[in-house]
Amino acid sequence: VLLKIDVPSFVLLQNPPGLPSMAVTWFICLLRGSKLIIDWHNYGYTIMSLTLGKCHPVVQIAKWYEKLCGRLSDCNLCVTDAMKEDLQSNWNIKATTLYDKPFSVFKETPLEVQHKLFMKLANEYSPFKAREPEDPVFERTAFTELDTSSGDVAYTSSHPALLLSSTSWTDEDFSILLKALIEYEKLVVSGQKLPSLVCVITGKGPLKDYYGKQIEQLQLKHVQFCTPWLEAEDYPVLLGSADLGVCLHRSSSGLDLPMKVVDMFGCCLPVCAIYFNCIHELVRHEENGLIFRDACELTSQLKMLFSEFPNADSKLQQFRNYLRQTYQVRWHKNWDQTVLPLLNQLLHRS
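Now for a look at the structure at hand. Quantities reported herein were computed from a predicted structural model and do not represent experimental measurements.

As for the state of the cysteines
And step 1. If you walk through the whole model with that rule in mind, you get 0 disulfides.
And step 2. With no disulfide partner, C247 has as its closest neighbouring cysteine sulfur the one in C272, 11 Å distant.
And step 3. Accessibility expressed as a relative area gives 1% for C247, which makes it buried.
And step 4. Left unpaired, C267 is separated from the closest cysteine sulfur, that of C268, by 7.7 Å.

Take a look at the structure:
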């Protein structure tokens, strides 16, 4: 493809995946006089090490390959300041930090749109179905009700809180979330003033069936689970309808950030995120969310955040208000502000 298209001024290559595309792309750029820009989202060799081990020969070769090819590029972008420092100190690669930002579809969802999505999901998933008796005047879900005479939509009385996490069901340890929710159930049973929860975990992957069987065995009364595969247009709507996001992403390198949290913040959705080296570059503890290290800490955070649900003065609502008030730069504007000046510099050099 790169040989058939008109000669581009720049070729932007995301890594990973960079094997073997980094060397191939560099060679074609050399032949055609294009500038190669590598966009570092992680290190491919660290992802390989999760299954093969750090000392495996293939992993070591991949590390050498990424280091060599990274030095051949004309410009480098990366997703965190921590990765920028790592590239410079270990591989002598100078990079510019370009934080991921949400697209414009990620925003808070109006209540009327929430109701339509909940009605759609209720046809297939029982946690979204109404818990109150049928009423000819009202169209109800577990969370919302539509007054058919006036067209007004409101939350149902004593509606559950909606907890959301998304995953590829690969290397994330969901036992941490399950343990925390078991302890949350115990708190509710003991008489603590806490809402019931609907925990929605979206995505597909190899570990979905494994954790699905564990969830079935729990049989909790005050915590319901739903593991749907959503249509692309429904995912941002559901994010914008949730009360709290939970992120269990741990970076293989400790140097990249979870895009799912970026999207949650775009929806003004507060997040509890598991700790790793640079998560503080995205989730600022006690400012726009909370950081936990284990199931015990997550349980305490759930208890604190939902203890006053759905009170407008609760800590959960304070986080949401902070996200609303903080100016949210979107992807396109972020690109214009950070990358376009770099492209102009590269053009002037040539």
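Focus on the packing of helix 2 (residues 44-52) against helix 3 (residues 57-72)
And step 1. One way to put it is that helix 2 packs onto helix 3 with a least axis distance of 9 Å and a crossing angle of 175 degrees. By the angle class used here, helix 2 and helix 3 are roughly antiparallel. Counted together, G44, Y45, M48, S49 and L52 of helix 2 and V58, V59, A62, K63 and E66 of helix 3 form the full contact between these two elements.
And step 2. When the residues that make up the contact of helix 2 with helix 3 are grouped by side-chain class, the tally is 6 nonpolar, 2 polar and 2 charged.

Quick word on the pairing of strand 8 (residues 161-166)
And step 1. The buried fraction of strand 8 amounts to 6 of the 6 residues, a majority that puts the element mostly inside the structure.
And step 2. Burial of strand 8 is two-sided: the residues A161, L163 and S165 facing one way and the residues L162, L164 and S166 facing the other way are all buried.
And step 3. Bridge analysis of strand 8 against strand 9 (residues 197-202) gives 6 bridges, and the strand direction is parallel. Pairing of A161 across the sheet is with L197, part of strand 9.
And step 4. Between strand 8 and its parallel partner strand 9, the chain crosses via helix 6 (residues 175-189), and the hand of that crossover is right-handed.
And step 5. Where strand 8 lies against strand 11 (residues 244-247), 2 bridges are found, and the strand directions are parallel. In the sheet register, L164 faces strand 11, and the bridge partner there is G245.

Some words on the sheet that holds strand 6 (residues 144-147)
And step 1. Spatially, 5-6-7 is the arrangement adopted by the 3 strands of the open sheet, whose pairing is antiparallel. Looking at which strands have only one partner, the edges of the open sheet turn out to be strand 5 (138-140) and strand 7 (153-155). Strand after strand, the sheet turns through a mean of 25 degrees between neighbouring axes, direction not considered.
And step 2. Note: strand 6 against strand 7, 3 bridges, orientation antiparallel. Bridge pairing in strand 7 places T144 opposite Y155.
And step 3. Of the strands in this sheet, strand 5, strand 6 and strand 7 are in contact with helix 5 (residues 111-122), which crosses strand 7 at around 75 degrees.

Overview of the pattern of salt bridges
Once the charged atoms of two side chains with opposite charge are near each other, the side chains can pair.
And step 1. Within this structure, the stated rule accounts for 10 salt bridges.
And step 2. Salt-bridge contacts for E132 lead to R140; the nearest nitrogen and oxygen are separated by 3.4 Å.
And step 3. When salt bridges that share partners are traced, they join E108, R320 and R324 into one network.

With respect to the sheet that holds strand 2 (residues 35-40)
And step 1. Pairing within the open sheet is parallel, and its 4 strands lie in the order 1-2-3-4. The open sheet terminates on both sides in strands that have one partner only, identified here as strand 1 (10-15) and strand 4 (96-97).
And step 2. Note: strand 2 against strand 3 (residues 75-78), 4 bridges, orientation parallel. Its bridge partner lying in strand 3, D39 is registered against L77.

What to know about helix 11 (residues 315-325)
Since the α-helix packs 3.6 residues into each turn, any two residues three or four apart lie on the same face.
And step 1. Among the residues of helix 11, those classed as buried are L316, Q317, F319, R320 and L323. Around the axis of helix 11, the buried residues are gathered within 155 degrees of arc, so they sit on the same side.
And step 2. Tucked into the core, helix 11 has its buried residues touching strand 11, helix 9 (259-266), strand 13 (289-292) and helix 10 (295-306).

Side note on helix 1 (residues 21-32)
And step 1. Spanning 12 residues, helix 1 covers 16 Å between terminal C-alpha atoms, matching the ideal 16 Å at 1.5 Å per step.
And step 2. All of the buried residues along helix 1 are M22, T25, I28 and C29. Viewed along the axis of helix 1, the buried residues span an arc of 135 degrees, placing them on a single side of the element. Opposite the packed face of helix 1, turned more than 90 degrees from it, sit the exposed residues L30 and L31.
And step 3. Positive backbone phi, at 75 degrees, marks G33, one or two positions downstream of helix 1.

Focus: unusual backbone geometry
For residues other than glycine, phi is negative in most cases, and the peptide bonds are mostly trans.
And step 1. The linkage connecting N15 with the following residue, P16, adopts the cis geometry, with an omega of -10 degrees.
And step 2. Checked against the element boundaries, P16 lands in the loop between strand 1 and helix 1.
And step 3. Cis geometry marks the peptide bond from P16 to P17; its omega dihedral reads 0 degrees.
And step 4. Within the element layout of this structure, P17 appears in the loop between strand 1 and helix 1.
And step 5. Its identity as a non-glycine residue notwithstanding, S158 has a phi of 55 degrees, on the positive side.
And step 6. Tracing the chain through its elements places S158 in the loop between strand 7 and strand 8.

Thoughts on the environment of K260
And step 1. Looking at the element boundaries, K260 is found in helix 9.
And step 2. For the pair K260 and S165, spaced 95 residues apart in the sequence, the C-alpha separation amounts to 8.5 Å.
And step 3. A distance of 2.6 Å separates polar atoms of two side chains, one belonging to K260 and the other to E172.

About the thresholds
- Residues numbered from 1 in each chain as written.
- Predicted model: local features only at pLDDT ≥ 70, side-chain atom pairs only at ≥ 80, totals over all residues.
- Heavy atoms only, no water.
- Disulfide = S-S within 2.5 Å.
- Buried < 20%, exposed > 50% of the residue type's maximum accessible area, 1.4 Å probe, protein only.
- Axes fitted to C-alpha atoms, helices over the stretch in contact; angles between N-to-C directions.
- Helix = DSSP H or I, 4+ residues; strand = E, 2+ residues; numbered from the N terminus.
- Parallel < 35°, antiparallel > 145°, perpendicular 65-115°, else oblique.
- Contact = heavy atoms within 4.5 Å.
- Nonpolar A, V, L, I, M, F, W, Y, C, P; charged D, E, K, R; others polar.
- Pairing = 2+ DSSP bridges.
- Right-handed = clockwise from strand over helix to strand, strands pointing away.
- Salt bridge = Lys/Arg side-chain N within 4 Å of Asp/Glu carboxyl O.
- Arc of directions from axis to C-beta.
- Expected span 1.5 Å × (residues − 1).
- Polar contact = N/O pair within 3.5 Å; in protein donor to acceptor, adjacent residues only side chain to side chain.

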